[in-house]
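# Understanding the architecture of this molecule
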Amino acid sequence: SSKIDVECSSFEDAAEAAEAGAEIVMLDNFEPESLKDVASRLKLRFPQLVIEASGGITAVTIGKYLSKDVDVVSQGALTHGYACLDFSLKIQPSAKRLNEVELGTIPHSHTHPC
């Protein structure tokens, strides 16, 4: 089953999303104390609502965002804060396979186009 997750930037947006049926609200780019206040107010009104904290949270600051009313904490740097590595892999057919291709003697069971 799918969950409805709505990114919100205010208490009002989050309450509206919860009233409309959202199962998860992501409180994005809140200051820690404001996040805790909004999460607490939401949990009082919508106890079943999953509350996610996101935006600007790092390994150093994560502790400031933890609260009994925050169910999930997302750290975006895990997916976009890393160095990339560009590499490729080229597979060359064996000499025997090349000869079979050139001579047209590929066994019938090996005629798959790859």
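Above this text is the structure in question.
This report concerns the structure included in the present document. All chains use their own residue numbering, which begins from 1 and follows the written sequence. Residue-level local features of this predicted model are given only where pLDDT is at least 70; pairs of side-chain atoms are given and counted only at 80 or more, and the full residue set underlies all totals for whole chains, interfaces and linings. Side-chain measures were taken over the full set of non-hydrogen atoms in the model, leaving aside hydrogen atoms and water.

### A short note on the nonpolar core
Counting residues in hydrophobic clusters, the biggest one holds 21 residues, and the most contacted among them are V25, L27, L35, L42, L49 and I51. Each helix corresponds to a stretch of at least 4 residues labelled H or I by DSSP, and each strand to a stretch of at least 2 residues labelled E; elements are numbered beginning at the N terminus. If you list the elements that add at least two residues to this core, you get α1 (11-19), β2 (24-28), α2 (32-45) and β3 (50-54). Here this core gets 5 residues from one element, more than from any other, and that element is α1. Any two residues whose heavy atoms approach within 4.5 Å are treated as being in contact. Those residues in contact with I51, other than ones at most four positions away along the chain, are V25, L27, A39, L42, K43, D69, V70, D71 and V72. Throughout this description, the term nonpolar core refers to a set of buried Ala, Val, Leu, Ile, Met, Phe, Trp, Tyr and Cys residues connected via side-chain atoms within 4.5 Å. Each residue is assigned to one of three classes by its accessible area relative to the maximum for its type, calculated with a 1.4 Å probe on protein chains only: buried under 20%, partly exposed between the two thresholds, exposed over 50%.

### Comments concerning the pattern of salt bridges
Salt bridges are counted wherever a side-chain nitrogen of Lys or Arg sits within 4 Å of a carboxyl oxygen of Asp or Glu. Inspection of every chain in the model, using the stated rule, returns 5 salt bridges. Among the ionic pairs, R41 bridges to D37, the shortest N-O distance being 3.4 Å. Here R41 and its partner D37 are both found in helix α2, 4 residues apart, which amounts to about one turn of the helix.

### Overview of the packing of aromatic side chains
Two rings from Phe, Tyr or Trp (for Trp, the six-membered ring) form a pair when their centres sit within 6.5 Å of each other. Planes less than 30 degrees apart are called stacked, planes more than 60 degrees apart edge-to-face, and all others tilted. Evaluated as defined, the whole model comprises 0 aromatic pairs. Only lysine NZ and arginine CZ atoms are considered, and such an atom sits over a ring when it is within 6 Å of the ring centre and within 35 degrees of the ring normal. Cation over ring: R41 sits above F11, and NZ or CZ is 3.9 Å from the ring centre.

### Description of unusual backbone geometry
Positive phi outside glycine occurs at N29, with the angle close to 65°. The exposure class of N29 is exposed, given its relative accessible area of 55%.

### Digging into the pairing of β2
Extensive coverage of β2 is indicated by the burial of 5 of its 5 residues. Along β2, one buried face is formed by I24, M26 and D28 and the opposite face, lined by V25 and L27, is buried too. Whether two strands pair depends on DSSP finding at least two bridges between them. Pairing analysis gives 4 bridges linking strand β1 (residues 5-8) to β2, with the strands arranged parallel. By the bridge assignment for β2, V6 is matched with V25. Crossover handedness for the path β1 to α1 to β2: right-handed. In the classification by handedness, the crossover that spans β2, the intervening α2 and the parallel β3 is right-handed. Here the term right-handed applies to a crossover when the path leading from its first strand over the helix to its second strand runs clockwise, the strands being oriented away from the viewer.

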